[in-house]
Amino acid sequence: MAHKKAWVVLLGWVCLSVGAQDITFEEMTMLDSLRQQYAAKGVSVTPEDEARFLQRIRAMKALAGGGIAGAGLSAPIWSAPQQPAAAAATRPHATANTQHQAQPVAGVADSESTLRAQLDALPLTQSLQSMERMRDGMSFNGQRYADAEGPAERIAVDPQTATAAYVVPMGAYQSVKIARLGSGVPAVTVGRLTSTGSRLMFQSVTGKTLQGDLVFPMTDGVLLTRDSVGFRYVVGEGVRQIDFPAGWAPAPLQRGNVAATGWLLLERDTVQEDKSPLSALVGIGQMVGMAPASRDYALFNMSDKRMVSFEIATYGKGVTTYSQCRKASNGLFNVCDRMATYDSIWQPNGGPNWSHYFWKVDWQSMGGKPVAVVMESGLKQINAYDLNGSKRVSLFERTMGIAAWHLEMGTGGKYRAKAQLAFDKPVLEDVALELRERADMPR
């Protein structure tokens, strides 16, 4: 009886701590584990930390059991290998040594130069003309790619070099691999991921050890982030620290080519603003273009720390579902007893949630230069950015909203952009060319 009462008290305290959100038993257990870990370090977890923790978890739940098509997708991995849908929260400040000495993963490489040589020995192949993520691996240039050891997940691709990075669940750990698509040569294992409580630990085959909340496989290594810092491991070079701007953190989902461009998508911390009773009204106004869009997302250059912000608001990630519905007495509409809202890149009907930031920002290396294609001003504009300079041009625009758009690989290393403007479906065959020739737009 005492044990039961303790859980009731704990559940009530959790609900109050995170703003009376509808918390599942699984989420409650995760929050309790979070508090215990940091209490052992003498660090208290604030209600804001808990709210961010839940936001990150729910933002990733749409990925459970589903695939996302497109080049350059790099989704993070959270905690245990069997829960790829959850993402960890921004942590309270705590000091941790993430570069301590560790024993190398069983006998693949004994030095960075040896491992680098293995990657360099992967045969060169033609650039990708097409790529589609599948349940087990991917399809590229009309060919299938699958890993013999297990399903390839969390795929990141550099279309120019036909290089893919991914993870393979191996039971108690996950292997991190890099492959050259179309070469016929087995992928090179660069390290493994294991969970340590609510954090992940990456250990390279050369003995480098890192810990973080989010892990992004990259075509030259991995990136781990926690708090306001990141740690990028590049094969053959080692580890370097990346400091993120105050109030910003890496977005859990990265659609673009992070490794080849050097740019990472950041999300502004809006937890306090979202508590305002007017935040929902402001968000709706931004979505339909009746209010200026917030600049809550930005691409961040990991080398020189430059930032390019976009008119994209955090509002719009949520999808609402209804249950326990019945016909009203007049038979004209349904009355539903329950409503649930959660962060998702998909609509309940299976289509993309175009208001979610994941579908709004894509960035690739075009002709050796990083270029971003972004949906801004709600759903009204599709713009292209020269990330090396300051030029921005309009590719598509529709006052009533753009129904859908895609950036895809074309011939000769070019990228084409497609959009659906009501009944019109325009196509631009070379985004880099349009960026050079079209007039610059004021920001």
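Please read all numbers here as calculations on a predicted model, not as lab measurements. (Residues numbered from 1 in each chain as written. Predicted model: local features only at pLDDT ≥ 70, side-chain atom pairs only at ≥ 80, totals over all residues. Heavy atoms only, no water.)

Caption draft 1: Geometry of the sheet that holds strand S11 (residues 221-226). On the basis of which strands lie adjacent, the open sheet formed by four strands has the order S10-S11-S12-S13 and antiparallel pairing. Of all the strands in the sheet, just strand S10 (214-218) and strand S13 (238-243) have a single pairing partner and so form its edges. Within this sheet the neighbouring strands show an average axis-to-axis angle of 20°, counted without direction. Here six bridges tie S11 to strand S12 (residues 229-234), and the two strands are oriented antiparallel to one another. Each residue of the ladder has a partner; that of Thr 225, found in S12, is Gly 230. (Pairing = 2+ DSSP bridges. Helix = DSSP H or I, 4+ residues; strand = E, 2+ residues; numbered from the N terminus. Axes fitted to C-alpha atoms, helices over the stretch in contact; angles between N-to-C directions.)

Caption draft 2: Up close: the confidence of the model for the protein chain. Here the protein chain averages 76 in pLDDT, and 64% of its residues register 70 or above. Taken together, the stretch residues 62-104 has pLDDT below 50 and engages in 152 contacts with residues farther than four places along the chain or on a different chain. pLDDT under 50 marks residues 335-342. Its contacts with residues more than four places away, or in other chains, come to 29 contacts. (pLDDT = per-residue confidence, 0-100. Contact = heavy atoms within 4.5 Å.)

Caption draft 3: View of unusual backbone geometry. Here the phi dihedral of Arg 154 falls at roughly 55°; this positive angle occurs in a residue that is not glycine. Within the secondary structure layout, Arg 154 lies in strand S4 (residues 153-158). When its relative accessible area of 6% is taken as the criterion, Arg 154 is described as buried. Positive phi is not limited to glycine here, since Lys 305 has a value of about 65°. (Buried < 20%, exposed > 50% of the residue type's maximum accessible area, 1.4 Å probe, protein only.)

Caption draft 4: Summary view of the pairing of strand S23 (residues 392-397). In terms of burial, S23 is largely enclosed, as five of its six residues are buried. For strand S22 (residues 381-386) and S23, the ladder comprises five bridges, and the chain directions are antiparallel. Note that in S23 the partner of Asn 383 across the bridge is Ser 394. Connecting S22 to the next strand, S23, in antiparallel fashion are five residues.

Caption draft 5: Structural context of the pairing of S12. Along S12, six of the six residues are buried, which leaves the element largely enclosed by surrounding structure. The side-chain alternation of S12 yields two buried faces, one formed by Val 229, Phe 231 and Tyr 233 and the other by Gly 230, Arg 232 and Val 234. Judged from the six bridges that link them, S12 and S13 form a sheet pairing that is antiparallel. If you follow Val 234 over to S13, its bridge partner there is Gly 238.

Caption draft 6: Structural view of the sheet that holds strand S21 (residues 369-376). Taken in spatial order, the four strands line up as S20-S21-S22-S23 in an open sheet, and their pairing is antiparallel. The sheet is open, and its two edges are formed by strand S20 (361-366) and S23, each paired on a single side. On average, each strand axis in the sheet is tilted by 20° relative to the strand beside it, whichever way the strands run.

Caption draft 7: Local environment of the packing of aromatic side chains. All told, the structure shown has seven aromatic pairs when counted by the stated rule. With a centroid separation of 4.7 Å and 25° between ring planes, the pair formed by Tyr 297 and Tyr 357 is classed as stacked. Note that Tyr 297 is positioned in strand S16 (residues 297-301) and Tyr 357 in helix H8 (residues 357-360), a separation of 60 residues in sequence. The pair Tyr 297 / Tyr 357 is uniform in exposure class, with both members buried. Residues Phe 310 and Tyr 385 carry aromatic rings whose centres are separated by 4.9 Å and whose planes lie at 75° to one another, so their mutual orientation is edge-to-face. Remark: Tyr 385 occurs in strand S22 and Phe 310 occurs in strand S17 (residues 307-310); sequence separation between them is 75 residues. Accessibility expressed as a relative area gives 0% for Phe 310, which makes it buried. Looking at Tyr 385, the relative accessible area reads 1%, which means it is buried. Every member of this aromatic cluster is reached through a ring pair, and the members are Trp 354, Phe 358 and Trp 359. (Phe/Tyr/Trp six-rings, centres within 6.5 Å; stacked < 30°, edge-to-face > 60°.)

Caption draft 8: Representation of the pattern of salt bridges within the structure. If you walk through the whole model with that rule in mind, you get 14 salt bridges. Taking the shortest distance from any N to any O, the salt bridge between Asp 304 and Arg 306 comes out at 2.8 Å. By relative accessible area, which is 32% here, Arg 306 ends up partly exposed. Glu 408 is paired through a salt bridge with Lys 418; the nearest N and O atoms lie 3.2 Å apart. In this pair, Glu 408 is assigned in strand S24 (residues 404-409) and Lys 418 in strand S25 (residues 415-420), connecting sequence segments ten residues apart. Glu 408 sits in the partly exposed class, given a relative accessible area of 26%. Lys 418 gets classed as partly exposed once you look at its relative accessible area, which sits at 33%. Counted as one network, the salt bridges with shared partners bring together Glu 408, Arg 416, Lys 418 and Glu 429. (Salt bridge = Lys/Arg side-chain N within 4 Å of Asp/Glu carboxyl O.)

Caption draft 9: Spotlight on the environment of Lys 425. Position of Lys 425 among the secondary structure elements: in the loop between S25 and strand S26 (427-428). With relative accessibility at 59%, the residue Lys 425 sits in the exposed group. When the C-alpha positions of Lys 425 and Trp 405 are compared, they lie 9.3 Å apart, and in sequence the two are 20 residues distant. With sequence-adjacent residues up to four places away left out, Lys 425 is seen in contact with Ala 419 and Gln 420.

Caption draft 10: Local environment of the nonpolar core. Judged by nonpolar contacts, the single largest core of 70 residues is most densely connected at Phe 310, Leu 395, Phe 396 and Val 431. Ranked by residues supplied to this core, first place goes to S21 with five residues. Ranked by size, the runner-up nonpolar core spans 21 residues in total, among them Leu 115, Leu 193, Val 215 and Tyr 233. (Core = buried A, V, L, I, M, F, W, Y, C linked by side-chain atoms within 4.5 Å.)

Caption draft 11: Quick look at helix H4 (residues 112-120). When we look at burial in H4, the residues that qualify are Glu 112, Leu 115 and Leu 119. One side of H4 carries all its buried residues, which in axial view fall inside an arc of 70°. In H4, those exposed residues whose orientation departs by more than 90 degrees from the buried face are Ser 113 and Asp 120. Looking at the packing, one finds that the buried side of H4 touches strand S6 (174-180), strand S7 (188-196), strand S8 (199-204), S12 and S13. (Arc of directions from axis to C-beta.)

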